[in-house]
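Residue strings, one per chain:
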Amino acid sequence: PELIEQPDYYHADAFFRIDYRDEPLNAHSGGLFELTYRYYDDRKLNLYSFRRLDAELQQFFPFLKKKRVIAFRARTSLADTSTGQSIPFYMMYAESGAAALRGYREFRFRDRNFIVMNLEYRWEAFPGLDMAIFGDVGKVASRRSDIDLKDLESDVGFGFRFNTIKSVFLRIDIG
């Protein structure tokens, strides 16, 4: 039904962010904390109004003069609708692919709520190339009460980060 008739949204966001990473596009130390509340009001069909709370935490632990880094990232998204409302499938976050569970294809896991955590060990192979070993865990659920740390999907892998001091311009992960 979301493809035949499109909702017309009134949309509002409010967020709180603390970002103390040394380089946001190629962090080796510091961290990020972000909390975002989103409100979508379907003004046309009155079928697809919802609220979403997103949280993200990133922390980077450097050692050996920032040549090696342990990177941790946790994200969650919790959505809520009123009775008779739903969330269009294309507005549900996917928990797989390059930004989440890297060992699974894009959009493999999708639902109203999710939690995902990534742990990565990176080291400088030579200037311009970092290598990484990573592990990811996460899950999706239709009910917020089902978002917990039980029965998580997981993957492991390794990757290459082609970079400058300020940013990563090519990342290849195999999971």
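Scroll up for the structure.
Residues numbered from 1 in each chain as written. Predicted model: local features only at pLDDT ≥ 70, side-chain atom pairs only at ≥ 80, totals over all residues. Heavy atoms only, no water.

Overview of the overall build of the protein
- For the protein, the helix and strand inventory stands at zero helices and eight strands.
- Along the protein, from the amino end to the carboxyl end, the secondary structure elements read β-β-β-β-β-β-β-β.
- Principal-axis analysis of the C-alpha atoms gives the protein an extent of 55 × 30 × 30 Å.
- A burial count over the protein gives 38% of its 175 residues as buried.
- Partitioning the contacts of the protein with sequence separation of at least 6, the portion at a separation of at least 24 is 55%.
- For the protein, the distance from the average site of its 26 positive side-chain charges to the average site of its 26 negative ones is 3 Å. (Helix = DSSP H or I, 4+ residues; strand = E, 2+ residues; numbered from the N terminus. Buried < 20%, exposed > 50% of the residue type's maximum accessible area, 1.4 Å probe, protein only. Contact = heavy atoms within 4.5 Å. Lys, Arg positive; Asp, Glu negative; His and termini not counted. Charge placed at Lys NZ, Arg CZ, Asp CG, Glu CD.)

Structural notes on the pairing of strand E2 (residues 30-42)
- Note that strand E1 (residues 9-19) and E2 share eleven bridges and pair antiparallel. Bridge pairing in E2 places His11 opposite Tyr40.
- The pairing of E2 with strand E3 (residues 50-63) spans eleven bridges and is classified as antiparallel. When the bridges of E3 are listed, Gly30 appears paired with Phe60. (Pairing = 2+ DSSP bridges.)

Quick word on the nonpolar core
- Of all hydrophobic cores here, the largest spans six residues; its members are Tyr40, Phe50, Ala79, Ile87, Met91 and Met92.
- Residue contacts for Met91: discarding those within four places in its chain leaves Tyr9, Tyr40, Phe50 and Arg52.
- In this structure, Ala100, Leu101, Phe109 and Phe114 belong to the second largest nonpolar core, which totals five residues. (Core = buried A, V, L, I, M, F, W, Y, C linked by side-chain atoms within 4.5 Å.)

Comments concerning the layout of surface pockets
- In this structure, the largest pocket occupies an estimated 510 Å³ of space.
- In terms of lining residues, the largest pocket is bounded by 22 residues, among which Gln58, Phe60, Glu120, Arg122 and Arg171 are the most central.
- Secondary-structure elements contributing two or more residues to the lining of the largest pocket are E3, strand E4 (68-80), strand E5 (113-126), strand E7 (153-163) and strand E8 (168-174).
- Broken down by class, the residue content of the lining of the largest pocket amounts to ten nonpolar, four polar and eight charged.
- Roughly 300 Å³ of internal volume is contained in the second largest pocket.
- Asn26, His28, Glu124, Thr164 and Ile165 are the residues nearest the centre of the second largest pocket, which is lined by 17 residues in total. (1 Å grid on protein atoms, 1.4 Å probe; cavity = no way out; pocket = protein on both sides within 12 Å on 5 of 7 lines; lining within 4 Å. Points joined across faces, edges and corners; volume = space filled by probe spheres on them. Nonpolar A, V, L, I, M, F, W, Y, C, P; charged D, E, K, R; others polar.)

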